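Spelled out, the chains give:
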Amino acid sequence: MRSEPAALVLVGPSGAGKTTIARRVVASRPDRFVFSVSATTRRPRPGEEHGREYLFVSRADFGAMVAGGELLEHAEVHGDHYGTPLAGIRRAGRRAPVLDIDVQGAAQVLRHGVGACVIFIVPPDVAAWFDRLGGRGTESPSQIVRRLRTSLGELGGAPGFECFVVNDALDQAVADVLAHWRGAPPSRIGAPEAAALCRDLEAGARAEIARLRALGGSAAAERASGHAHGARVEDS
């Protein structure tokens, strides 16, 4: 069994459900876990609050945090910067901080040697993954394309991890994460199965990127055609 406390780090592509799992883990054992609130330079989405979902900071302030050594890890994702403030980790005390971060950040955490249990969260299939990405309703097709492109790199990095959890049912995924943290991992999925699933997800992402780009091109052509038609009407 794993000695306590240890940081619990959840990584995986956007839309895998890392944040939902992380918060459910904390809610299940608030005496053992505390959610680590990341700092980010991106704008808040509707309903998000500073200090709850993220610490929303300016690029200048984020740069100052990096320069001052105030972050355990940091990375640029989807054109914005994200990082884990060390102050929050220190405030965790004897509880295990739960980090919801990207692949780049996870590699930095491992280099720090903080005794982290790092788990790669995998969507169960392409359809469920895209439903989660589109379900937010807060992002344009171009923003989804950007997330999918970033996800390709994250999925490609999956073979570098040892622990995997498929998020096909939330309660089961949370149970699997807790089993990994206790040092008694479930046998639902191993590295070979995770690698095969990630390859399927990569193929789906590439196809969806091509589809969304084609839709964007068609829409632009229609707008251009409409402008041209309007100009001809005005000129007549």
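Structural notes, computed from the coordinates. Predicted model only: the values in this text are computed from it and were never measured.

Let us look at the pattern of salt bridges. Here the structure, examined in full by the defined rule, presents nine salt bridges. Put simply, R42 and E48 hold a salt bridge, and the shortest N to O gap is 2.9 Å. Since its relative accessible area comes to 19%, E48 is described here as buried. Sharing partners across several salt bridges, the network here consists of R42, R45 and E48.

All told, the structure shown has six aromatic pairs when counted by the stated rule. Here Y54 and Y82 contribute two aromatic rings whose centre-to-centre distance is 5.7 Å and whose plane-to-plane angle is 65°, an arrangement assigned as edge-to-face. Note that Y54 is positioned in the loop between β3 (39-40) and β4 (55-56) and Y82 in strand β6 (residues 80-85), a separation of 28 residues in sequence. Here the two residues Y54 and Y82 agree in accessibility, since each one is buried. Feature note: the residues Y54, F56 and Y82 constitute an aromatic cluster, connected by ring pairs. Over the ring of F35 we find R23, and its NZ or CZ is 4.0 Å from the ring centre.

What counts, and where the lines are drawn
Residues numbered from 1 in each chain as written. Predicted model: local features only at pLDDT ≥ 70, side-chain atom pairs only at ≥ 80, totals over all residues. Heavy atoms only, no water. Salt bridge = Lys/Arg side-chain N within 4 Å of Asp/Glu carboxyl O. Buried < 20%, exposed > 50% of the residue type's maximum accessible area, 1.4 Å probe, protein only. Phe/Tyr/Trp six-rings, centres within 6.5 Å; stacked < 30°, edge-to-face > 60°. Helix = DSSP H or I, 4+ residues; strand = E, 2+ residues; numbered from the N terminus. Lys NZ or Arg CZ within 6 Å of the ring centre and 35° of its normal.

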